[in-house]
Amino acid sequence: MIKVDYFMSHGSPWTFLGHNRINNIVKQFNVQLNMYPVNYGEIFPVSGGLPVFKRPLQRQKIRLQELKRWAQFLKINLTPEPKFFPSKSLLPSLLIIAAKIMKTNKDFELASNIMNALWVEELHVDDENTLKNIMNKLELDSEVLLSFAKSQECENIFKEYTKIAIEKNVFGAPTYIIEDQVYWGQDRLDFIERHLLKLTKS
């Protein structure tokens, strides 16, 4: 089956802007989506990347302009500078992994809701109570998921996902990979559609 590997971070507004769109694309072409929450705190140092507030001022300013443009274009009520950015905890990503490994079938939806809480609702997604509220709304067992998310097993999986990302030359969020082709950024989703169209027609 044709596969799309999706490397993401809940703390990336670009990931959020493309999240539901990549899901719609894979459904359209009936292909498999493999979502990998990864630790960009480990990826940046080996790929030449920098956290937002360590980037040159020019880049920071253009980033905010671009976020406003894309949010308006996509009709997503994203706040470019939300109250609780950056998210400094790995727990939201670990929870997404926990939901995936435990086969809740709601890991993608959980990721969407966590990012919506951060980028639209301006909630503190590093806070466990905020995360519990999100999970409860999805009718997920928050205590069980939190317990697994904090486990060594889940942390090891997170590290393995990050290792895979580095090996596949991932350096930014989001990154989508089909076969040997790496697509960085939600603004490359048109290329992904064309790639999948070619594969599904062959």
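This section reports on the structure supplied with the text. (Residues numbered from 1 in each chain as written. Predicted model: local features only at pLDDT ≥ 70, side-chain atom pairs only at ≥ 80, totals over all residues. Heavy atoms only, no water.)

**Quick notes on unusual backbone geometry**
No. 1: A cis amide bond links Phe-85 with the next residue in sequence, Pro-86, at an omega value of 5 degrees.
No. 2: Mapping Pro-86 onto the fold places it in the loop between helix 3 (57-74) and helix 4 (91-101).
No. 3: A cis amide bond links Ala-173 with the next residue in sequence, Pro-174, at an omega value of -5 degrees.
No. 4: With respect to the element layout, Pro-174 can be found in the loop between helix 8 (152-167) and strand 3 (175-178).
No. 5: A positive phi is found at Asn-30, a non-glycine position, where the angle reads about 55 degrees.
No. 6: By the secondary structure assignment, Asn-30 is in the loop between helix 1 (13-29) and strand 2 (32-37).
No. 7: Take Asn-30: its relative accessible area is 60%, and that puts it in the exposed class.
No. 8: For Glu-122, which is not a glycine, the phi torsion comes out positive at approximately 55 degrees.
No. 9: Relative to the assigned elements, Glu-122 resides in the loop between helix 5 (107-119) and helix 6 (128-137).
No. 10: Classification of Glu-122 as partly exposed rests on a relative accessible area of 30%. (Helix = DSSP H or I, 4+ residues; strand = E, 2+ residues; numbered from the N terminus. Buried < 20%, exposed > 50% of the residue type's maximum accessible area, 1.4 Å probe, protein only.)

**Some remarks on the side chain of His-195**
No. 1: Locating His-195 in the fold gives a position in helix 9 (residues 189-201).
No. 2: His-195 gets classed as buried once you look at its relative accessible area, which sits at 10%.
No. 3: Look past the residues within four positions of His-195 in its chain and what remains in contact with it is Ile-178, Glu-179, Gln-181 and Tyr-183. (Contact = heavy atoms within 4.5 Å.)

**Digging into the sheet that holds strand 2**
No. 1: Ordered in space as 2-1-3-4, the four strands form an open sheet in which the pairing is mixed. This sheet does not close on itself; its edge strands, each paired only once, are strand 2 and strand 4 (181-184). If you compare each strand with its neighbour and ignore which way they point, the axes differ by 20 degrees on average.
No. 2: Summarising the sheet, strand 1 (residues 3-8) and strand 2 pair through six bridges and their orientation is parallel. By the bridge assignment for strand 2, Asp-5 is matched with Asn-34.
No. 3: Docked against the sheet, helix 4 engages strand 1 and strand 2, running at close to 140 degrees with respect to strand 2.
No. 4: Packed onto the sheet, helix 8 meets strand 1 and strand 2 and runs at close to 110 degrees relative to strand 2. (Pairing = 2+ DSSP bridges. Axes fitted to C-alpha atoms, helices over the stretch in contact; angles between N-to-C directions.)

**So, helix 5**
An α-helical segment advances 3.6 residues per turn. Residues three or four places apart therefore align on the same side.
No. 1: Taking 1.5 Å as the rise per residue, helix 5 with 13 residues should run 18 Å; its terminal C-alpha atoms sit 18 Å apart, in good agreement.
No. 2: Among the 13 residues that make up helix 5, 10 are buried, leaving the element largely enclosed by the rest of the structure. (Expected span 1.5 Å × (residues − 1).)

**Let's talk about the packing of helix 2 (residues 40-47) against helix 8**
No. 1: Across the interface, helix 2 lies against helix 8 with an axial gap of 10 Å and an inter-helix angle of 25 degrees. With respect to helix 8, the element helix 2 is oriented roughly parallel. Judged by the twist between their axes, the crossing of helix 2 over helix 8 is right-handed. Taking contact as the criterion, the partners of Glu-42, Ile-43 and Val-46 in helix 2 are, on helix 8, Thr-162, Ala-165 and Ile-166.
No. 2: In the contact of helix 2 with helix 8, the residues fall into four nonpolar, one polar and one charged. (Parallel < 35°, antiparallel > 145°, perpendicular 65-115°, else oblique. Left-handed = near helix turned anticlockwise from the far one by under 90°. Nonpolar A, V, L, I, M, F, W, Y, C, P; charged D, E, K, R; others polar.)

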